[in-house]
Amino acid sequence: MNESERIAATVRGAKAIPGVDVVMVVDDGSSDDTGTVARRAGAEVVTHRKNKGKAAAMMTGAFAIRNREISDSDPDQEPKHRALLFIDGDLEDSALHTTPLAAPVLAGETDMTIAILPVQKRKGGGFGFVVGLAKKGIAELCGFEATQPLSGMRCLSREAFDAALPFAAGWGVETAMTIDVVNAGLRVTEVECDLHHRVTGRDLKAQLHRAAQYRDVARAIVVRRLRAKKAAKKAAAK
């Protein structure tokens, strides 16, 4: 959303990743010309008329790719599904450095990779409350020790993507995705990537954003905690 200044460089970086044949940009209700700029840079673009949030944008892009795969396949053959590499729109040229995320998934060595980012060049960031909540929730519910649980740069096999559906709403999507993929018995690997993006500040707008993140992550954890209790009761009753 509203990434017209950065999206062209991000698209160019994504197109240069080995193995990438389609770059799909979801313009999530932008008030600027993000979609137009992305299309000129060589991306396919799907547009939300109104902002629907991160999780909805991710699903829109993934299902657009799936529809393309189905339409491109022969009627008597099963569609060949691509791995899905999710990239934030503000990475600019550093999007190319998500290359290490794709290779292990394409090789069948793991089912989902998660980018670990270096210390960012621009100062800012929060106080760690949301990250701490996500880490504890993931460890509690699936046993995975996440280094950067909110990292949005991820590559998923189609099996891992399906295991994560339906996505948790809003900013809880990454936390929920990790829990669901691990609990499906699939492999998750963290990979260091030299990525740089805008760092959120500490003004009122930034604090409201973090409050929304905390709400969405907490909701995703509570939903999965209730699911786990329900499954445990069902298993005990057998």
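Q: Honestly, the sheet that holds strand β5 (residues 154-156) in this entry has me stumped. Any pointers?
A: Either a parallel or an antiparallel arrangement is found when strands of a sheet pair, and the pairing is made through backbone hydrogen bonds. Read from one edge of the open sheet, 4 strands run β3-β5-β4-β6, paired in mixed fashion. Looking at strand neighbours, the two that pair on one side only are β3 (84-86) and β6 (188-192), the edges of this open sheet. Here the average twist between neighbouring strands, direction ignored, is 15°. By the bridge criterion, 3 bridges tie β3 to β5 in an arrangement that is antiparallel. Within the sheet, the bridge partner assigned to L84 lies in β5 and is L156. Against the sheet, helix α4 (residues 99-106) makes contact with β3, β4 (112-116), β5 and β6, and its axis sits at roughly 160° relative to β4, the strand it touches most.

Q: It is not clear to me how the environment of K54 should be interpreted in this structure. Could you clarify?
A: Here K54 shows up in helix α3 (residues 54-72). Using a relative accessible area of 18% as the deciding quantity, one classes K54 as buried. For the pair K54 and R210, spaced 156 residues apart in sequence, the C-alpha separation works out to 14 Å. Of the polar contacts made by the side chain of K54, one reaches the side chain of E174; its length is 2.5 Å.

How each quantity is defined
Residues numbered from 1 in each chain as written. Predicted model: local features only at pLDDT ≥ 70, side-chain atom pairs only at ≥ 80, totals over all residues. Heavy atoms only, no water. Pairing = 2+ DSSP bridges. Helix = DSSP H or I, 4+ residues; strand = E, 2+ residues; numbered from the N terminus. Axes fitted to C-alpha atoms, helices over the stretch in contact; angles between N-to-C directions. Contact = heavy atoms within 4.5 Å. Buried < 20%, exposed > 50% of the residue type's maximum accessible area, 1.4 Å probe, protein only. Polar contact = N/O pair within 3.5 Å; in protein donor to acceptor, adjacent residues only side chain to side chain.

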